[in-house]
Amino acid sequence: MVHKVQGVVARFKGAPVTLETILVPDPGPGEALVDIITSGVCHTDLHYKLGQISDDFPFLLGHEATGVVSAVGPDVTEVAPGDRVILNWRAVCGECRACRRGRPQYCFNTHNATQKMTLEDGTELTPALGIGAFAEKTLVAAGQCTKVDPEADAAAVGLLGCGVMAGIGAALNTGGVQRGDSVAVIGCGGVGSAAIAGAALAGATTIIAVDINDTKLDRALTMGATDTVNSSENDPVEAIRALTGGFGADVVIDAVGRPETYQQAFYARDLAGTVVLVGVPSPEMTLELPLLDVFGRGGSLKSSWYGDCLPSRDFPMLVSLYQQGRLDLDAFVSERIGIGQIEEAFDKMREGTVLRSVVEL
Ligand code: PAD
Ligand code: ZN
């Protein structure tokens with residue numbers, strides 16, 4: 001059976017998104033059909049719409065989602081109809097060279113549903129990050145579903161499906177933030193704020209929030225930041241050094257992903273410190289650094305795919321911390337909107353007035 005539902009589609013590069021009827025097939029082998037409850041609006045959705053990720057239009061947008069499994073393919077055992085799940089975009093294969101070496105968080109062969117969702121005229125859709133959750137139903141690989149406690153607020157925990165997990169994981173998993181560390185986070189949107197919350201969770205004692213927007217900086221203080229720097233007014237490298245005894249931070253997280261913010265992160269860390277790039281650059285961006293500085297400053301330069309998370313390990317743990325009141329996921333939900341309000345949500349994201357708009361289906 002094919003399900004006819006409403007979904008938010010980006011048809012052409014830069015064109016406003018449109019609400020379309022889409023066709024979603026029943027799950028085949030290895031697949032799960034999910035009724036979406038909530039889906040957050042992430043900057044990555046905007047990157048897709050602007051053609052900054054690929055040219056595989058039309059895209060079915062949305063990927064930070066909580067849902068309920070409504071049907072599964074014949075061989076699926078990990079989830080069952082009725083399960084409350086958070087969707088993830090890195091279902092591990094278990095067989096690639098990373099998985100075989102016991103590092104499934106780096107899986108080099110993550111997969112999505114095999115069958116395609118389409119427009120009514122048969123045009124195949126490319127689901128954002130292999131999910132496509134601004135839709136009443138979506139089809140994913142069963143491994144993209146992680147079962148969580150249905151009592152937890154869907155809008156809040158669904159954000160673990162992308163931006164919030166990427167940020168927390170950038171601090172905890174990729175950055176390896178330790179008790180007593182100093183941490184600076186450049187860019188305090190959904191991802192950067194989550195990195196701040198992650199650094200606080202790990203016991204960092206100095207957490208410096210850097211942004212060009214004072215509203216974001218004020219909010220960062222409520223997420224665990226101890227200091228703020230408006231980098232449109234002050235040199236962030238000097239400011240971070242001044243706040244860390246003249247040395248720089250142990251871990252600097254770039255949650256913007258531009259050559260200039262990466263360069264700030266590179267020079268704002270202490271000797272032997274760590275830089276984590278979690279913001280996603282666009283294809284035309286390049287970086288030039290003196291190689292002697294790369295050598296002389298030591299430490300490590302890391303990129304963070306999805307916070308190097310393992311959804312089966314990290315989602316239930318973070319949901320539990322949320323339910324215990326130790327991780328304030330509610331603070332990331334700035335507003336709850338309808339499926340027809342994605343363009344307004346993109347505008348608010350650009351203006352910097354929201355951390356996350358969350359669509360309720
Ligand atoms: P957002 O738009 O909510 O936040 C971006 C923040 O950066 C805003 O607060 C801006 O004010 C701030 N900013 C912009 N330019 C600068 C600058 N030059 N200096 C300092 N601050 C600046 O986006 P988001 O938090 O949803 O996403 C941030 C990035 O992370 C984006 O590139 C997104 O695609 C990426 C991302 N990566 C992963 C991953 O797995 N690596 C996952 C999810 C999102
Ligand atoms: Zn995202």
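Procedures and definitions
- Residues numbered from 1 in each chain as written.
- Chains lettered and ligands numbered in written order.
- Predicted model: local features only at pLDDT ≥ 70, side-chain atom pairs only at ≥ 80, totals over all residues.
- Heavy atoms only, no water.
- UniProt positions renumbered as here; feature names shortened; annotations may be inferred.
- Helix = DSSP H or I, 4+ residues; strand = E, 2+ residues; numbered from the N terminus.
- Donors = N, O, S within 2.8 Å, 3.2 Å for Na, K, Ca; no water.
- Buried < 20%, exposed > 50% of the residue type's maximum accessible area, 1.4 Å probe, protein only.
- Near = heavy atom within 4 Å.
- Polar contact = N/O pair within 3.5 Å; in protein donor to acceptor, adjacent residues only side chain to side chain.
- Areas by Shrake-Rupley, 256 points an atom, 1.4 Å probe, with all protein chains shown as cover.
- Nonpolar A, V, L, I, M, F, W, Y, C, P; charged D, E, K, R; others polar.
- Domains from an automatic or database assignment.
- Buried area = accessible area lost by both parts, 1.4 Å probe.
- Salt bridge = Lys/Arg side-chain N within 4 Å of Asp/Glu carboxyl O.
- Pairing = 2+ DSSP bridges.

An unreviewed UniProt entry lists the protein under the name S-(Hydroxymethyl)mycothiol dehydrogenase, with Arthrobacter terrae as the source organism. The record in UniProt for the protein states the following under Cofactor (unreviewed entry): "Zn(2+)". Looking at the protein in UniProt, the text filed under Sequence similarities (unreviewed entry) is "Belongs to the zinc-containing alcohol dehydrogenase family."

Time to look at the UniProt feature "domain: Enoyl reductase (ER)" (unreviewed entry) in the protein. In the numbering used here, UniProt assigns the feature "domain: Enoyl reductase (ER)" (unreviewed entry) to residues 14-359. The span residues 14-359 is 28% helix and 25% strand, and its two end C-alpha atoms sit 21 Å from each other.

Attention now moves to the coordination of the zinc ion (ligand 2). Metal coordination angles in their ideal form are 109.5 degrees for the four-donor tetrahedron and 90 or 180 degrees for the six-donor octahedron. For the zinc ion (ligand 2), the full set of protein donor atoms is Cys42 (SG), His63 (NE2) and Cys162 (SG), and the range of their distances to it is 2.0 to 2.3 Å. Of note, the zinc ion (ligand 2) draws all its donor residues from one chain, in the sequence arrangement C-x20-H-x98-C. Of this pair, Cys42 sits in the loop between strand E3 (31-40) and helix H1 (43-49) while Cys162 is found in the loop between helix H3 (154-158) and helix H4 (163-174), placing the two residues 120 residues apart along the sequence. Neither Cys42 nor Cys162 differs from the other in exposure class; each is buried.

Near ligand 1 you find 27 residues, and of these His43, Val191, Asp211, Val278 and Tyr306 are the closest. Contact between ligand 1 and Thr44: an oxygen atom at 3.1 Å from a side-chain N or O atom of the residue. Out of a free accessible area of 860 Å², ligand 1 has 89% covered by protein chains. Of all the secondary-structure elements, those providing two or more residues to the shell around ligand 1 are H1 and helix H5 (190-202). Sorting elements by how many residues they give to the shell around ligand 1 places H1 first, with three residues. Taken together, the residues that form the shell around ligand 1 break down as 14 nonpolar, 10 polar and three charged. For the shell around ligand 1, the two domains that each supply at least three residues are domain 1 (2-161 + 328-360) and domain 2 (167-305).

Looking at the protein, the domain boundaries give domain 1 (2-161 + 328-360) and domain 2 (167-305). Between the C-alpha centres of domain 1 and domain 2 the distance comes to 28 Å. Across the domain 1 to domain 2 interface the summed buried area is about 1,100 Å²; carbon plus sulfur atoms make up 66%. Among the residues domain 1 hides against domain 2, the three largest losses belong to Phe332, Gly352 and Leu355. Together they make up 41% of the total. On the surface where domain 1 and domain 2 come into contact, there are zero salt bridges. A per-class count over the side of domain 1 that touches domain 2 returns six nonpolar, five polar and three charged.

The strands making up a sheet associate through hydrogen bonds between their backbones, and the pairing can be parallel or antiparallel. Strand order in the open sheet made by the five strands is E7-E2-E1-E4-E8, with mixed pairing throughout. On the outer flanks of this sheet lie strand E7 (118-119) and strand E8 (126-127), each paired with one strand and no other. Of the pairings in the sheet, the one linking strand E2 (residues 18-25) to E7 comprises two bridges and is antiparallel in character. Bridge pairing in E7 places Leu23 opposite Thr118.

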